[in-house]
Amino acid sequence: NLAQAAQADLTGRGTVLLVEDEEGLRALNARGLSSRGYTVLTAGNGVEALEELERNEGKVDIVVSDVVMPEMDGPTLLKEMRKTNPDLKIIFVSGYAEDAFEKNLPEGQQFAFLAKPFTLKQLVAAVKETIAEAVGAQAGGRRGGGGRLGLERAACPSTGACAGRCTANTMAAASEALGLALPGS
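Thresholds, definitions, all that
- For every chain, the first residue of the written sequence is number 1, and numbering continues from 1 along that sequence.
- Side-chain atom pairs in this predicted model are given and counted only at pLDDT of 80 or more, local residue features only at pLDDT of at least 70, and totals for whole chains, interfaces and linings cover all residues.
- In computing side-chain values, all of the structure's heavy atoms are included and hydrogens and water are not.
- Whenever a helix is involved, its axis is fitted only over the stretch in contact; in every case the axis is a line through C-alpha atoms, and angles between N-to-C directions fall within 0 to 180 degrees.
- Strands here are runs of E lasting at least two residues and helices are runs of H or I lasting at least four, both read from the DSSP assignment and numbered beginning at the N terminus.
- Just so you know how the angles are binned, under 35 degrees is roughly parallel, over 145 roughly antiparallel, 65 to 115 roughly perpendicular, and the rest oblique.
- Left-handed describes a crossing in which the near helix is turned anticlockwise from the far one by less than a right angle; the clockwise case is right-handed.
- By definition in these notes, contact holds between two residues if any of their heavy atoms fall within 4.5 Å.
- Gly is placed with the polar residues, together with every amino acid not listed as nonpolar (Ala, Val, Leu, Ile, Met, Phe, Trp, Tyr, Cys and Pro) or charged (Asp, Glu, Lys and Arg).
- Here's how the labels work: a residue is buried when its accessible area is under 20% of the maximum for its type, exposed when over 50%, partly exposed in between, all with a 1.4 Å probe on protein chains only.
- Under the rule applied, a polar contact is a pair of N or O atoms within 3.5 Å (in protein, one hydrogen donor and one hydrogen acceptor; residues adjacent in sequence only if both atoms are side-chain atoms).
- A residue counts toward a patch only above 30% relative accessible area and without a salt bridge, and it is joined to like-charged neighbours within 9 Å or, for Val, Leu, Ile, Met, Phe, Trp and Tyr, to nonpolar neighbours within 5 Å.
- Accessibility throughout is a Shrake-Rupley quantity obtained with a 1.4 Å probe, and a residue counts as covered only by protein chains that appear here.
- Salt bridges, as used here, are contacts in which a Lys or Arg side-chain nitrogen is within 4 Å of a carboxyl oxygen on Asp or Glu.
- Charged residues are defined narrowly, with Lys and Arg counted positive, Asp and Glu counted negative, and His plus the chain ends left uncounted.
- For the purpose of locating charges, the reference atoms are NZ of Lys, CZ of Arg, CG of Asp and CD of Glu.
- Here, the term nonpolar core denotes a set of buried Ala, Val, Leu, Ile, Met, Phe, Trp, Tyr and Cys residues that are joined through side-chain atoms within 4.5 Å.
- Confidence scores here are pLDDT values: one per residue, from the predictor, ranging 0 to 100.

Focus: the packing of helix H3 (residues 46-55) against helix H4 (residues 74-84)
Put simply, H3 and H4 touch, their axes get as near as 9 Å, and they point 20 degrees apart. Considering their axes alone, H3 and H4 lie roughly parallel with respect to each other. As H3 packs across H4, the resulting crossing turns out to be right-handed. Each of Gly46, Ala49, Leu50 and Leu53 in H3 lies in contact with H4, whose residues at this interface are Leu77, Glu80 and Met81. Of the residues contributing to the contact of H3 with H4, the split by class is 5 nonpolar, 1 polar and 1 charged.

Quick look at the structure:
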């Protein structure tokens, strides 16, 4: 059937460390990734993520992390994780603009980015694509330079599931964490 062939296979394998401070969103995304075949470890912030990584002896294929979280934000988490695993793949998720935190990362860091709000299908596709790129890079040699991996910014159809919090609260928290001024603030 042509329609079935056109529908992407979003199942996959690997261990995902999911770092999200909103408990409901973390649980929903963890269930969604698990149902597609991934082993999911969860953490509520960067500090918990480092503890979870240590408990799992660093054996994760990819980290999906919010940018703005209490105790330790996503960019700081990335710097800490890459000290022991410089090739660890990460997808940052945020309702805030990618450029705002990208400049806070050390030069040459690679990451993927998924804008909030996103659908579960977009998350699973991003995880699968980023893991596949990592496997492809190992098989075909390393890519030069830093910046984002090939993941394109997902279309962000506002589903209303965030009740507007993505835009207002996340941007305000991100600007505070990054020391940025929002327009009108």
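Continuing now.
Things to note about the environment of serine 35
If you trace the backbone, serine 35 turns up in helix H2 (residues 23-35). We classify serine 35 as exposed; its relative accessible area is 53%. Among the polar contacts listed, one links the side chain of serine 35 to the backbone oxygen of glycine 32, at a separation of 2.8 Å.

Some thoughts on a negative patch on the surface
Taken together, Glu48, Glu51, Glu54 and Glu71 make up a surface patch of like negative charges. Relative to the assigned elements, glutamate 48 resides in helix H3. Judged by relative accessible area, which is 36%, glutamate 48 ranks as partly exposed.

Some thoughts on the environment of methionine 72
Within the secondary structure layout, methionine 72 lies in the loop between strand E3 (62-66) and H4. Separated by 25 residues in the primary sequence, methionine 72 and valine 47 have C-alpha atoms spaced 6.0 Å apart. When near neighbours in sequence (up to four residues on either side) are disregarded, methionine 72 contacts Asn45, Gly46, Val47, Leu50, Leu77 and Glu80.

A short note on the nonpolar core
A general trend in soluble globular proteins is that nonpolar side chains are found buried together. The biggest cluster of nonpolar side chains holds 21 residues, and the ones touching the most others in it are Leu17, Val19, Val60, Val63, Met81, Ile90 and Phe92. Contributions of two or more residues to this core are made by strand E1 (15-19), strand E2 (39-43), H3, H4, strand E4 (89-94) and strand E5 (110-115). Every residue in contact with leucine 17, bar those within four places of it in the chain, is listed here: Leu41, Thr42, Ala49, Glu52, Leu53, Val60, Ile62, Val63 and Val64. Counting residues in hydrophobic clusters, the runner-up holds 19 residues, among them Val16, Tyr38, Val124 and Ala126.

Digging into unusual backbone geometry
Following lysine 116, the chain continues into proline 117 via a peptide bond in cis, with omega recorded as -5 degrees. The residue proline 117 is located in the loop between E5 and helix H6 (120-140) in this model. The backbone phi angle of glutamate 57 is positive, close to 55 degrees, even though this residue is not glycine. In this structure, glutamate 71 takes a positive phi of about 70 degrees despite not being glycine. Examined against the element boundaries, glutamate 71 turns out to sit in the loop between E3 and H4.

Overview of the confidence of the model for the protein
Averaged over all residues, the pLDDT of the protein equals 74, while 61% of them reach at least 70. Considering only residues more than four positions removed or in separate chains, one finds that residues 1-6, a stretch of pLDDT under 50, has 0 contacts. Contacts from residues 139-185, a stretch scored under 50 in pLDDT, to residues over four places away or in other chains number 80 contacts.

Let's talk about the pattern of salt bridges
Across all of its chains, the model carries 5 salt bridges by this definition. For the salt bridge of lysine 59 with glutamate 57, the shortest nitrogen-to-oxygen distance reads 3.2 Å. Overall, lysine 59 belongs to the exposed group, its relative accessible area being 53%. The exposure class assigned to glutamate 57 is exposed, which follows from its relative accessible area of 61%. Between aspartate 66 and lysine 116 there is a salt bridge whose closest N-O contact spans 3.3 Å. Here the residue aspartate 66 occupies a position in strand E3, and lysine 116 occupies one in the loop between E5 and H6, the gap between them amounting to 50 residues. An identical accessibility class is assigned to aspartate 66 and lysine 116; each is buried. Each of Glu20, Asp66 and Lys116 takes part in a single network of salt bridges with overlapping partners.

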